[in-house]
Amino acid sequence: MCMLKFITSNEHKYLEVSVAFEKVGLPLSWYRKKYEEIQADDNAVICRDSCIKLGKDIEQPFFIDDTGLYIEQLNGFPGPYASYVQDTIGNTGIIKLASGSNAYFKTVISLMQDNKVQQFTGILKGTIADKENNGNKFGYDPIFIPDGYDLALSQLSPAEKNLISHRGKAINNLINFLILNNIR
Ligand code: ITT
């Protein structure tokens with residue numbers, strides 16, 4: 001069987017996931033690709049659909065990550081449209097609309113293996129900041145203050161972020177499944 005691949009166009013995502021895999025000594029390769037996504041309210045539905053489509057062309061096993069930001073004061077906006085909103089109004093636009101609001105990130109990871117899709121989820125709750133903080137430039141990280149922290153997510157290292165984050169939790173669930181089922 002070939003090495004497990006993470007399909008993503010996003011280098012920040014790959015960095016975080018590779019740090020988590022290195023920590024437990026599991027091999028991982030980066031399949032750098034941008035793929036089209038359907039529109040739906042639920043990012044688990046979007047992620048499953050993308051996974052099945054990619055499975056027609058790309059050798060298994062592989063997994064993908066779909067992440068949304070849900071802002072309470074905006075009734076869950078931008079949710080699964082986080083990428084489009086980041087590219088249009090960006091962090092300054094979100095601060096104007098929703099500074100101080102509760103919000104959460106949700107990551108869904110879909111693993112394709114033996115033509116079957118398995119999904120793993122993680123959530124991180126926090127608050128929208130009133131300014132862009134320094135540190136990494138990954139999406140909404142500079143304006144997201146995790147519950148219980150004074151720092152923005154952008155000010156944590158990838159390993160520190162993994163300990164509390166939506167993606168870190170989803171990856172942990174994935175890694176437990178891989179180990180239990182002896183998938184490499
Ligand atoms: P893929 O190739 O993996 O799809 P993407 O960047 O298009 O990469 P998503 O659609 O899942 O990924 O992510 C939507 C956007 O949400 C993404 O472009 C970032 O701006 C933002 N985002 C995702 N995860 C994030 C995180 O952990 N912290 C901050 N922003 C994040």
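What you see is a predicted model, and the numbers here were worked out from it, not measured in a lab.

Peer 1: Would you mind going over the nonpolar core with me for this structure?
Peer 2: Side chains that are nonpolar tend, in soluble globular proteins, to be buried together. One finds Phe-21, Leu-28, Phe-63, Leu-111, Leu-174 and Leu-178 to be the most contacted residues of the largest nonpolar core, which totals 19 residues. Of all the secondary structure elements, the ones that give two or more residues to this core are helix H1 (11-24), strand E5 (102-113) and helix H6 (166-180). No other element matches the 6 residues that H6 contributes to this core. Discounting residues that sit within four places of it in the chain, Phe-63 has contacts with Leu-4, Lys-5, Phe-6, Ile-7, Val-17, Phe-21, Leu-28, Ile-109, Ser-110, Leu-111 and Leu-174. Among the nonpolar cores identified, the runner-up in size contains 17 residues, and Leu-69, Leu-124, Leu-156 and Ile-164 belong to it.

Peer 1: Whenever I open this one, H1 confuses me. Can you help?
Peer 2: Every α-helix winds through 3.6 residues per turn, so residues three or four apart in the chain are directed the same way. For H1, built from 14 residues, the straight-helix expectation of 20 Å at 1.5 Å per residue is met to within 8% by its first-to-last C-alpha distance of 20 Å. Of all the residues in H1, the buried ones are Lys-13, Tyr-14, Glu-16, Val-17, Ser-18, Ala-20 and Phe-21. Summarising the contacts, the buried residues of H1 are in contact with strand E1 (5-8), strand E2 (29-32), strand E3 (62-71), helix H5 (158-164) and H6. If you check the start of H1, you find a side-chain oxygen 2.9 Å away from the backbone N of His-12, and it comes from Asn-10. One or two steps after H1, the chain reaches Gly-25, where phi turns positive at roughly 75°.

Peer 1: Any chance you could explain unusual backbone geometry here in plain terms?
Peer 2: Peptide bonds are, in most cases, trans, and in most cases residues other than glycine have a negative phi. Looking along the chain, the bond that leaves Gln-60 and enters Pro-61 is cis, with omega of 5°. Structurally, Pro-61 can be placed in the loop between helix H2 (43-54) and E3. The peptide bond linking Phe-77 to Pro-78 adopts the cis configuration, its omega dihedral lying at 0°. Along the polypeptide, Pro-78 turns up in strand E4 (residues 78-79). Positive phi, normally seen in glycine, also occurs at Asp-114, with a value near 55°. Residue Asp-114 is classed as exposed on the basis of its relative accessible area, which comes to 52%. Of note, the phi angle at Asn-182 is positive, near 55°, even though the residue is not glycine. If you trace the backbone, Asn-182 turns up in the segment after H6. Since its relative accessible area comes to 60%, Asn-182 is described here as exposed.

Peer 1: Explain the site of the ligand here, please?
Peer 2: The environment of the ligand is made up of 21 residues, and the closest members are Thr-8, Ser-9, Lys-13, Asp-141 and His-166. Between the ligand and Lys-34, the relevant distance is 2.8 Å, taken from an oxygen atom to a side-chain nitrogen or oxygen of the residue. One of the side-chain N or O atoms of His-166 is found 2.7 Å from an oxygen atom in the ligand. For the ligand, the accessible surface in isolation is 610 Å², of which the surrounding protein chains cover 94%.

Peer 1: Honestly, the side chain of Glu-16 in this entry has me stumped. Any pointers?
Peer 2: In this structure, Glu-16 sits in helix H1. When sequence neighbours within four positions are dropped, the list of residues in contact with Glu-16 reads Phe-138, Asp-141, Pro-158, Lys-161, Asn-162, Arg-167 and Ile-171.

How each quantity is defined
Residue numbers restart at each chain and count upward from 1, following the sequence in its written direction. Under the rules for a predicted model, residues below a pLDDT of 70 receive no local features and side-chain atom pairs below 80 are neither given nor counted, while totals for whole chains, interfaces and linings still include all residues. The basis for every side-chain value is the complete set of heavy atoms in the structure, and neither hydrogens nor water enter the calculation. The definition of a nonpolar core used throughout is a set of buried Ala, Val, Leu, Ile, Met, Phe, Trp, Tyr and Cys residues joined through side-chain atoms within 4.5 Å. The rule is simple: take the accessible area with a 1.4 Å probe, protein chains only, and divide by the maximum for that residue type; under 20% is buried, over 50% is exposed, in between is partly exposed. To qualify as a helix, a DSSP run of H or I must reach at least 4 residues; to qualify as a strand, a run of E must reach at least 2; elements of each kind are numbered from the N terminus. When checking whether two residues touch, look at their non-hydrogen atoms; a contact exists if any pair is within 4.5 Å. Every helix has an expected span of 1.5 Å times one less than the residues it contains. Pairs of N or O atoms are called polar contacts if they sit within 3.5 Å, as long as, within protein, a hydrogen donor faces a hydrogen acceptor (for residues adjacent in sequence, only side-chain-to-side-chain pairs). Whether a residue is near a molecule or strand is decided by its heavy atoms; if any one of them lies within 4 Å of it, the residue is near. Each accessible area value is a Shrake-Rupley result obtained with a 1.4 Å probe; residue values ignore everything except the protein chains displayed when judging cover.

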